[in-house]
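Residue-level structure breakdown
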Amino acid sequence: MAASKRDNARGQAGEVGKANGYQRHHSSITNLFPESLPESVAAHRPHISTASEAQRQRIVEMLRAGSKTTLDFRRAGVMQSQTRIFELRAQGYDLPTVGRVTVFDDQGYPHRGVAVYALVAEPVREAV
């Protein structure tokens, strides 16, 4: 009786690694729906980097133009802006949180209490 239950379960679920005769393999979204996705932005802009240093540089460049929110940084490819701000402060940048606002993302969802950062001063670089 135990064997028949095991065979029944194996017949319903399929063998290990298979589901209804379909062998699972590693794939990405582009393999599943290549016609529905735009080409990668990075393919057209090879200079884009997600390295921490590149993200810190983007934040500084953005703040030179004026105050920005964490959502602004996220749109520029900086996913952990709070961490990058912390690192910049440790390097000597004066980056106060000047306020908290409610912003709406691209899908229309409100985000309350989003930090607004400003660049007050950059660290003094010693002349060589």
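Considerations on the packing of aromatic side chains
Considering all chains together, one arrives at 1 aromatic pair under this definition. Their ring planes at 35° and their centres at 6.2 Å tell us that F73 and Y117 sit as a pair that is tilted. On the criterion of sequence distance, the pair formed by F73 in helix α5 (residues 70–75) and Y117 in strand β5 (residues 110–117) is long-range, its members being 44 residues apart. With relative accessibility at 0%, the residue F73 sits in the buried group. For Y117, a relative accessible area of 7% translates into the label buried.

Re the pairing of strand β4 (residues 97–104)
Sheet topology places β4 next to β5; 6 bridges connect them, and they run antiparallel. Of the residues in β5, the one forming a bridge with V101 is V114. Between β4 and β5, which follow one another and run antiparallel, lie 5 residues, and G108 among them has a positive phi close to 90°.

A word on the packing of helix α4 (residues 52–64) against helix α6 (residues 81–90)
Running from N to C, α4 and α6 cross one another at 85°; their axes reach a closest spacing of 10 Å. Between α4 and α6, the angle falls in the class roughly perpendicular. In contact with S52, Q55, R56, I59, V60 and L63 of α4, α6 contributes S81, R84, I85, E87 and L88. Looking at the contact of α4 with α6 residue by residue, the class counts come to 5 nonpolar, 3 polar and 3 charged.

Structural notes on the sheet that holds strand β3 (residues 68–69)
Strands sit in the order β3-β5-β4 across an open sheet of 3 strands; the sheet is antiparallel. Two strands close off the open sheet at either side, each with one partner strand: β3 and β4.

Observations concerning α6
Turn by turn, an α-helix covers 3.6 residues, leaving residues three or four places apart pointing in a common direction. Along α6, the residues that are buried comprise S81, R84, I85 and L88. Looking straight down α6, one finds its buried side chains confined to an arc of 100°; they lie on one side. With respect to the buried face of α6, the exposed residues turned more than 90 degrees away are F86 and A90. A positive phi of about 110° marks G92, the residue just after α6.

Concerning the environment of T70
Turning to its location among the elements, T70 is positioned in helix α5. Looking at T70, the relative accessible area reads 16%, which means it is buried. Separated by 47 residues in the primary sequence, T70 and Y117 place their C-alpha atoms 8.0 Å from one another. In this view, T70 contacts S81, Q82, V114, A115 and Y117; residues no more than four positions away in its chain are not counted.

What counts, and where the lines are drawn
- Residues numbered from 1 in each chain as written.
- Predicted model: local features only at pLDDT ≥ 70, side-chain atom pairs only at ≥ 80, totals over all residues.
- Heavy atoms only, no water.
- Phe/Tyr/Trp six-rings, centres within 6.5 Å; stacked < 30°, edge-to-face > 60°.
- Helix = DSSP H or I, 4+ residues; strand = E, 2+ residues; numbered from the N terminus.
- Buried < 20%, exposed > 50% of the residue type's maximum accessible area, 1.4 Å probe, protein only.
- Pairing = 2+ DSSP bridges.
- Axes fitted to C-alpha atoms, helices over the stretch in contact; angles between N-to-C directions.
- Parallel < 35°, antiparallel > 145°, perpendicular 65-115°, else oblique.
- Contact = heavy atoms within 4.5 Å.
- Nonpolar A, V, L, I, M, F, W, Y, C, P; charged D, E, K, R; others polar.
- Arc of directions from axis to C-beta.

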